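If you want the building blocks of each chain, they are given just below.
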Amino acid sequence: MLRIFLAATLIDALGSGLWVPFALLFLVHGQGMGLVDAGASLTTGALLALVTGPATGAAMDRFGPRALLIAGNLVRVAAFAAYPLAHTSWQVVVVSAVAGFGDRLFWTCNAPMVARLTAGADTDRVLATQTVGRFAGAGLGAAAMAVLPTITSPWAFHLLAYANAASFGIAAVLIRLLPRVVSGKAGSNPPYHSRGGWRAVLGDRAFTGFCVTHMAFTLASASKFSVLPIVVRDLLHGPQWIAGTAISVGTVVVVTAQRPIVALLAGRSRTAGLIGSAVLFAICFALLIPLTAVSLPVATVLILLTSLGFSIAEALFGPTATAAAAAAAPPGAEGRASSVFQLSWGLPIALAPGLLATLLSTSNALTWTILALTCASAVPALLALRKKLPDALREPSPPVAA
């Protein structure tokens, strides 16, 4: 069962990761849209999709993760099949909102499903494998951005959208093959007619505190490379290969180091992994504070060095935080809890561009200082939460056979 599910979610993660860097390229070169129009349309669609998170959480508690994972993949089949038909801003907003809704269904139901198919350190390992798939897809998308515009015509961009739609269809079929028993834990009667509603989730201060703390990590994740091209070009007046190399190094490190890092953390507390990530993020952001005060060669070394550190921090916190949130969810309201946790991913990612642009327009040093302090603040918060969420944040149970 686990192998079938993992194969389905790896297909899903590869498709999702591939589209992130490819979306603008598709709309500009494949659909003939302007860059600003395309970016604004994608952002608007993503924000509209974000508000569907709570509804998907309630639906998961009612119908179970298996049914919603299938639905999420089918929704994205329709969305990506429609992308080649979208040529105007409002059409792209609608299609991207539908695709985003499918993403919300997947990410809300993914961790609860993994938690029911695995236990202890195996949960972290499966989530780590999915992370590798997502970053591998992003790496392929980044490579396509460099190659496709010079050697292809619009039909090739359309072909990739259709191929992505087909991949989500295959993922839906694979999840459909899973037996219904995986929809709930043995002995539950019935498993997903929620015994607790929104009050159980929002009233759980330890869980909501963990989600708020997690926003420091997701802000760091969204920020780590997003302004580097602007910093290199407008502040350092350096060549763009510096930022491109840093992003490429980061992708390779996550893909190759994710599973070994999770294996290294097995048997250790999740708190240790999360604190290690927070400290590493803070140190890396602090190293970028003097970026504009040093020579370009020194700045280049700092950027490449921190890209390595950022990626290790990403590998430390991604699957660890998701597994901890799944373990900390109030019983009977796992879907709602997962949707709240997903908001702690989505909100910082949506807000990061505006926040970073404002900070960077004020001062390079201020930008990295605030990010460093934000990450550092997660350390005392995690130490306090460790006492309130012992089962989720202390040592995970030993792995079990798949």
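Residues numbered from 1 in each chain as written. Predicted model: local features only at pLDDT ≥ 70, side-chain atom pairs only at ≥ 80, totals over all residues. Heavy atoms only, no water.

## Quick word on the overall build of the protein
Thinking step 1. From N to C terminus, the protein includes 16 helices and zero strands.
Thinking step 2. Within the span of the protein, comprising 402 residues, buried residues form 52% of the whole.
Thinking step 3. Of all intrachain contacts in the protein linking residues separated by at least 6 positions in sequence, the fraction that spans at least 24 positions is 85%. (Helix = DSSP H or I, 4+ residues; strand = E, 2+ residues; numbered from the N terminus. Buried < 20%, exposed > 50% of the residue type's maximum accessible area, 1.4 Å probe, protein only. Contact = heavy atoms within 4.5 Å.)

## Notes on the pattern of salt bridges
Thinking step 1. Counted according to the given criterion, the structure contains three salt bridges.
Thinking step 2. Between Arg336 and Asp61 there is a salt bridge, with the nearest N and O atoms lying 2.9 Å from each other. Linking Arg336 in helix H14 (residues 334–362) with Asp61 in helix H3 (residues 53–63), this pair joins segments that are 275 residues apart in sequence.
Thinking step 3. Of the residues examined, Arg336 reaches a relative accessible area of 14% and is grouped as buried.
Thinking step 4. On the basis of relative accessible area, Asp61 is assigned to the buried category, the value being 1%.
Thinking step 5. Glu314 is the salt-bridge partner of Lys224, the closest N and O atoms lying 2.8 Å from each other. On the criterion of sequence distance, the pair formed by Lys224 in the loop between helix H9 (205–223) and helix H10 (228–235) and Glu314 in helix H13 (residues 296–328) is long-range, its members being 90 residues apart.
Thinking step 6. We classify Lys224 as buried; its relative accessible area is 8%. (Salt bridge = Lys/Arg side-chain N within 4 Å of Asp/Glu carboxyl O.)

## What about the side chain of Glu334?
Thinking step 1. In this structure, Glu334 sits in helix H14.
Thinking step 2. Beyond its immediate chain neighbours, meaning those up to four positions away, Glu334 contacts Met60, Asp61, Pro112, Arg116 and Ala329.

## Description of the environment of Ala40
Thinking step 1. Mapped onto the secondary structure, Ala40 falls in helix H2 (residues 35–50).
Thinking step 2. For the pair Ala40 and Ser89, spaced 49 residues apart in sequence, the C-alpha separation works out to 8.3 Å.

## Things to note about the UniProt feature "transmembrane region" (unreviewed entry) in the protein
Thinking step 1. The feature "transmembrane region" (unreviewed entry), as given by UniProt, occupies residues 39–60, 155–179, 200–221, 241–262, 274–296, 302–328, 340–360 and 366–385 in the numbering adopted here.
Thinking step 2. Along residues 200–221 one finds 91% helix and 0% strand; the C-alpha atoms at either end are 29 Å apart.
Thinking step 3. As a span, residues 366–385 carries 100% helix and 0% strand, and end to end its C-alpha atoms are 29 Å apart. (UniProt positions renumbered as here; feature names shortened; annotations may be inferred.)

## Things to note about the packing of aromatic side chains
Thinking step 1. All told, the structure shown has 12 aromatic pairs when counted by the stated rule.
Thinking step 2. Ring geometry for Phe80 versus Tyr83: centroids 5.4 Å apart, planes at 50 degrees, classification tilted.
Thinking step 3. Through a chain of ring-to-ring contacts, three or more aromatic side chains come together here, namely Phe217, Phe281, Phe285, Phe310, Phe317, Trp345 and Trp368. (Phe/Tyr/Trp six-rings, centres within 6.5 Å; stacked < 30°, edge-to-face > 60°.)

## Notes on the confidence of the model for the protein
Thinking step 1. Scored by pLDDT, the protein has a mean of 81; 87% of the residues are at 70 or more.
Thinking step 2. Taken element by element, the predicted model of the protein shows its lowest mean pLDDT in helix H6 (residues 121–151) (66) and its highest in helix H12 (residues 270–287) (94).
Thinking step 3. With pLDDT under 50 throughout, residues 183–194 is counted as low confidence; its partners more than four residues away or in other chains account for 22 contacts.
Thinking step 4. Note on residues 397–402: pLDDT under 50 across the span, and 12 contacts to partners over four residues away in sequence or across chains. (pLDDT = per-residue confidence, 0-100.)

## Comments concerning a nonpolar patch on the surface
Thinking step 1. There is a patch of nonpolar side chains on the surface, built from Val279, Ile283, Leu287 and Leu305 and spanning about 310 Å² of accessible area.
Thinking step 2. A per-element tally of the nonpolar patch places H12 first, with three residues.
Thinking step 3. Residue position: Ile283 is located in helix H12.
Thinking step 4. Take Ile283: its relative accessible area is 44%, and that puts it in the partly exposed class. (Patch = residues over 30% accessible without salt bridge, like charges linked within 9 Å, V, L, I, M, F, W, Y side chains within 5 Å. Areas by Shrake-Rupley, 256 points an atom, 1.4 Å probe, with all protein chains shown as cover.)

## Observations regarding the packing of helix H11 (residues 241–265) against H13
When two helices pack together, their arrangement is given by the angle between the helix axes and by the axis-to-axis distance.
Thinking step 1. Closest axis-to-axis distance for the H11/H13 pair is 7 Å, and the angle between their directions is 35 degrees. Of the two possible hands of crossing, H11 and H13 adopt the one that is right-handed.
Thinking step 2. Along the lines of polarity and charge, the residues of the contact of H11 with H13 split into 17 nonpolar, seven polar and one charged. (Axes fitted to C-alpha atoms, helices over the stretch in contact; angles between N-to-C directions. Left-handed = near helix turned anticlockwise from the far one by under 90°. Nonpolar A, V, L, I, M, F, W, Y, C, P; charged D, E, K, R; others polar.)

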